[in-house]
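So the chains spell out like this:
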Amino acid sequence: MTKQSIDFTAPSLKRAESAVICSPFTLKLLAELAERGVPLRAIAAPEGIKLQYLNRPLGLIPTENALLWLVQVGVLRREVDGQGITDSFRLTPLGFQVLEKWRSQQQFPSPTWRDRFQNFLAQIQPSRFI
């Protein structure tokens, strides 16, 4: 049986890659999110620093905001259990494609100024890019 993949548009894939490399999260976190749901409190500092999920210390609210941006871009989804949405996150099919691009590396590439600018614009004008 062959593995099916979803064909995402080039702009969607570029936007997702840019959002990920501009985020405060590490490749290690994305790899964990591919395997299992990770709760917000495990991602935020100080636990996220200890587990090497963050590339800089970040409190609970800024961490959740950064995760929710990746949800909005389509890289992550909130996990659901029998009682509703949880505080855990997982990769989406788009997130898996982004992860596969860099899985063999130790870390994400450094974002360019263009990446940072486009990611910033997408966050303040999301309807223009989604």
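Keep in mind that this is a model prediction, so the values were computed, not measured.

Trainee: Looking at this structure, how should I read the layout of surface pockets?
Mentor: To locate leftover empty space, one rolls a probe as large as a water molecule over the atoms. Here the largest pocket defines a volume of roughly 300 Å³. Surrounding the largest pocket, 18 residues form its lining, F25, T26, N55, Q107 and F108 being those nearest its centre. Elements with a contribution of two residues or more to the lining of the largest pocket: α1 (10-22) and α2 (27-35). With three residues, α1 is the single largest residue contributor to the lining of the largest pocket.

Trainee: Honestly, α1 in this entry has me stumped. Any pointers?
Mentor: An α-helical segment advances 3.6 residues per turn. Residues three or four places apart therefore align on the same side. In a regular helix each residue adds 1.5 Å, so 13 residues correspond to 18 Å; α1 covers 18 Å between its end C-alpha atoms and thus fits that length. All buried positions along α1 are accounted for by S12, R15, A16, E17, S18, A19, V20, I21 and C22.

Trainee: Where do I start with a nonpolar patch on the surface in this structure?
Mentor: Residues F117, F120 and I124 make up a contiguous nonpolar surface patch of roughly 330 Å² in combined accessible area. Within the secondary structure, F120 sits in helix α7 (residues 113-124).

Trainee: Just to check I follow, could you spell out the pairing of strand β3 (residues 84-91) for this structure?
Mentor: Along any regular strand the residues' side chains alternate between the sheet's two faces. Direction of pairing for strand β1 (residues 38-39) relative to β3: antiparallel, over a ladder of two bridges. Its bridge partner lying in β3, P39 is registered against S88. Where strand β2 (residues 76-81) and β3 come together, five bridges link them in antiparallel fashion. Among the inter-strand pairings, V80 is bridged to a residue of β3, identified as I85. With antiparallel pairing between neighbouring strands as the criterion, β2 and β3 make up a hairpin whose turn holds two residues.

The rules we used
Residues numbered from 1 in each chain as written. Predicted model: local features only at pLDDT ≥ 70, side-chain atom pairs only at ≥ 80, totals over all residues. Heavy atoms only, no water. 1 Å grid on protein atoms, 1.4 Å probe; cavity = no way out; pocket = protein on both sides within 12 Å on 5 of 7 lines; lining within 4 Å. Points joined across faces, edges and corners; volume = space filled by probe spheres on them. Helix = DSSP H or I, 4+ residues; strand = E, 2+ residues; numbered from the N terminus. Expected span 1.5 Å × (residues − 1). Buried < 20%, exposed > 50% of the residue type's maximum accessible area, 1.4 Å probe, protein only. Patch = residues over 30% accessible without salt bridge, like charges linked within 9 Å, V, L, I, M, F, W, Y side chains within 5 Å. Areas by Shrake-Rupley, 256 points an atom, 1.4 Å probe, with all protein chains shown as cover. Salt bridge = Lys/Arg side-chain N within 4 Å of Asp/Glu carboxyl O. Pairing = 2+ DSSP bridges.

Function cannot be read off these values alone, since they describe shape.
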